[in-house]
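# Observations on the model geometry
Residues per chain are reported as follows:
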Amino acid sequence: MRTARLRIAHPVLRAGWAALAAGAVLCVIGWYGVSGERHTARQLPYLASCSIPGAALIVAGAVLLARGRDALAATRGEEPYGPPAAGPAGADEPGRPAGGPVAVSAETLMVPGGTLWHRADCPLVAGKAEAVPVDGRLIAGGELAPCPVCEPADGSG
């Protein structure tokens, strides 16, 4: 995949630079031709044959450069990443991060006014002074949902 993108990116970049250069040359020729003519009727051929195609080539070149640079950036982004490392046992469970559980505490907390309840060591509430123990009635009444990050099993603290 990486080499295929490189094969696409380099010719696209070269074509982009060539289109930009050709467009700039055409615009300069058109400007020079228009500036040498006093009457509008004699200026129109330079506009039609040089300036307008030159501007179109500049736009096309800019689009090609953007596409080529995106392909190169995508290629460079793939290089540092290899196949995923094997995690600890149980990491193959769906919805579970490869590094193991995010939080393992049995104590559950909530933030007053919040809609989720968390394990005490969940990164979303860890270190927050306003976090309080969960009232089981709020969970039973459906007012609080379990945190999707730490996935607490029950509301008992």
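This one's a predicted model, so the numbers in the text were calculated from it and none came from an experiment.

Right, let's get into the environment of Val-149. Tracing the sequence through the fold places Val-149 in the segment after strand 4 (145–146). Judged by its relative accessible area of 35%, Val-149 falls in the partly exposed class. Linking Val-149 and Pro-123, residues 26 residues apart in sequence, is a C-alpha distance of 8.3 Å.

If you trace the 4 strands from one edge of the open sheet to the other, you get 3-1-2-4, paired in mixed fashion. Edge positions in the sheet fall to strand 3 (132–133) and strand 4, since each has one partner strand and no second. Relative to strand 2 (residues 116–119), strand 1 (residues 108–110) is paired through 3 bridges, and the arrangement is antiparallel. What sits directly across from Thr-108, in strand 2, is Arg-119.

Checked against the element boundaries, Val-132 lands in strand 3. Residue classification places Val-132 among the partly exposed residues on the basis of a relative accessible area of 32%. A C-alpha to C-alpha distance of 9.5 Å links Val-132 and Ala-120, two positions 12 residues apart in sequence. When sequence neighbours within four positions are dropped, the list of residues in contact with Val-132 reads Thr-108, Leu-109, Met-110 and Pro-112.

A few words now on the environment of Gly-23. Mapped onto the elements of the fold, Gly-23 is located in helix 1 (residues 2–35). For Gly-23 and Ser-51, which are 28 residues apart along the polypeptide, the C-alpha to C-alpha distance reads 8.3 Å. Those residues in contact with Gly-23 that sit more than four places away from it in its chain are Gly-54, Leu-57 and Ile-58.

Looking at the element boundaries, His-118 is found in strand 2. Using a relative accessible area of 5% as the deciding quantity, one classes His-118 as buried. In contact with His-118, other than residues within four places in its own chain, are Glu-107, Thr-108, Leu-109, Leu-124, Val-125, Cys-147, Cys-150 and Pro-152.

Conventions used here
- Residues numbered from 1 in each chain as written.
- Predicted model: local features only at pLDDT ≥ 70, side-chain atom pairs only at ≥ 80, totals over all residues.
- Heavy atoms only, no water.
- Helix = DSSP H or I, 4+ residues; strand = E, 2+ residues; numbered from the N terminus.
- Buried < 20%, exposed > 50% of the residue type's maximum accessible area, 1.4 Å probe, protein only.
- Pairing = 2+ DSSP bridges.
- Contact = heavy atoms within 4.5 Å.

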